[in-house]
Amino acid sequence: MNVLAIGAHFDDVELGCGGALAKHKSRGDKVFVYVATDSEYYRPDRTLVRGNETARAEGEEAVRILGADELICGSFKTLEVEFTDPLNVEILRIVEQKKIDMVYTHWIGDVHHDHHAIAKASLHACRHVPRLLMFRSNWYHSPTDFRGTFFVDITDYWDIKERAIRAHRSEIARTHERWIAFFRHEAENAGQRMGVRFAEVYEVVKWIE
């Protein structure tokens, strides 16, 4: 199986589906990660928070930890991603070139501008991919409920997921470990619902056997 994880920024995929990707690799699947933006961003006063070189270096380290076969980097700018043809065409090109069978992408109800655009583009560009799951990769509130009904047991892969998240040292320093605590609790809560230690939960768009 050829699996594609689509994220707006370096770190989204690790947070949203890192455990599942590590599990895919353990089963012999090919895993590709597409990150749409250079992930550089600034505070409102234009103070640099994370430069693009730092973001990419951390992202490359993270996908190595997950065991992904290839990291594909887009050139869109952070907070400027739009649901337009350039994005749709880029995702479709990857899907067709890599012969993708399954996609993990952002949840359509995500209020983050870039995440929402990626979700819409994924629905459009991946319409012929037989399996598509959506993940949450932040803690923002949304007026739409996340209908997480698909669970993946990542008990044996939590450590890999955590190491991949920690590879984003600039963001870990900024959030003071809150990322780790939040997503660990999310995985524990999802796991408790399944009767396992750690799990990731997804909203199913389609699943064709």
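Above this text is the structure in question.
What counts as what
Residues numbered from 1 in each chain as written. Predicted model: local features only at pLDDT ≥ 70, side-chain atom pairs only at ≥ 80, totals over all residues. Heavy atoms only, no water. Axes fitted to C-alpha atoms, helices over the stretch in contact; angles between N-to-C directions. Helix = DSSP H or I, 4+ residues; strand = E, 2+ residues; numbered from the N terminus. Parallel < 35°, antiparallel > 145°, perpendicular 65-115°, else oblique. Left-handed = near helix turned anticlockwise from the far one by under 90°. Contact = heavy atoms within 4.5 Å. Salt bridge = Lys/Arg side-chain N within 4 Å of Asp/Glu carboxyl O. Buried < 20%, exposed > 50% of the residue type's maximum accessible area, 1.4 Å probe, protein only. Arc of directions from axis to C-beta. Pairing = 2+ DSSP bridges. Right-handed = clockwise from strand over helix to strand, strands pointing away. Phe/Tyr/Trp six-rings, centres within 6.5 Å; stacked < 30°, edge-to-face > 60°.

Where helix 1 (residues 12-26) contacts helix 5 (residues 158-166), the axes come no closer than 8 Å and their chain directions differ by 140 degrees. Considering the angle they form, helix 1 stands oblique to helix 5. The two elements helix 1 and helix 5 cross, and the hand of that crossing is right-handed. Counted together, Glu14, Leu15, Gly16, Cys17, Gly18, Gly19 and Ala22 of helix 1 and Ile160, Lys161, Ala164 and Ile165 of helix 5 form the full contact between these two elements.

What follows concerns the pattern of salt bridges. Counting across every chain of the model gives 15 salt bridges. For Glu90, the salt bridge goes to Arg93, with nearest N and O atoms at 4.0 Å. Of this pair, Glu90 and Arg93 both sit in helix 3 (residues 85-97), separated by 3 residues, roughly a single helical turn. Judged by relative accessible area, which is 18%, Glu90 ranks as buried.

Moving on, we get to helix 5. Three or more residues of helix 5 are buried, namely Trp158, Lys161, Glu162, Ala164 and Ile165. Down the axis of helix 5, the buried set is contained in an arc of 160 degrees. They therefore lie on one face. Buried residues in helix 5 make contact with helix 1, helix 2 (52-66), helix 6 (169-175), helix 7 (178-194) and strand 9 (199-207).

This brings us to the pairing of strand 7 (residues 131-135). Of all the 5 residues making up strand 7, 5 are buried; the element is thus mostly covered by neighbouring parts of the structure. The pairing of strand 6 (residues 102-106) with strand 7 spans 5 bridges and is parallel. From the neighbouring strand, His106 faces strand 7, where its bridge partner is Phe135. For the handedness criterion, the β-α-β arrangement of strand 6, helix 4 (residues 113-125) and strand 7 is classed as right-handed. Both strand 7 and strand 9 contribute to a ladder of 4 bridges, which runs antiparallel. Considered in strand 9, the bridge of Leu133 is made with Val204.

This part covers the sheet that holds strand 6. Read from one edge of the open sheet, 7 strands run 5-2-1-6-7-9-8, paired in mixed fashion. One side of each edge strand has no neighbouring strand; the edge strands of this open sheet are strand 5 (70-76) and strand 8 (150-153). Strand-to-strand twist of the sheet, defined as the mean angle between neighbouring strand axes without regard to direction, takes the value 25 degrees. Pairing of strand 1 (residues 2-7) with strand 6, which is carried by 3 bridges, proceeds in the parallel orientation. Residue pairing across strands places Val3 opposite Met102, the latter belonging to strand 6. Where helix 4 meets the sheet, it contacts strand 1, strand 2 (30-37), strand 6, strand 7 and strand 9, and its direction lies at approximately 150 degrees from that of strand 6.

In this section: the packing of aromatic side chains. Taken as a whole, this structure holds 6 aromatic pairs when the rule is applied. Pairing Phe150 with Trp207 gives two aromatic rings, centres 4.8 Å apart and planes at 40 degrees, and the pair type is tilted. Note that Phe150 is positioned in strand 8 and Trp207 in strand 9, a separation of 57 residues in sequence. A relative accessible area of 22% places Phe150 in the partly exposed class. According to the relative accessible area criterion, Trp207 is partly exposed, its value standing at 30%. Ring geometry for Trp158 versus Phe198: centroids 5.2 Å apart, planes at 15 degrees, classification stacked. One end of the pair, Trp158, is in helix 5; the other, Phe198, is in the loop between helix 7 and strand 9, with 40 residues separating them in the sequence. Across this residue pair, the class does not change: Trp158 and Phe198 are buried.

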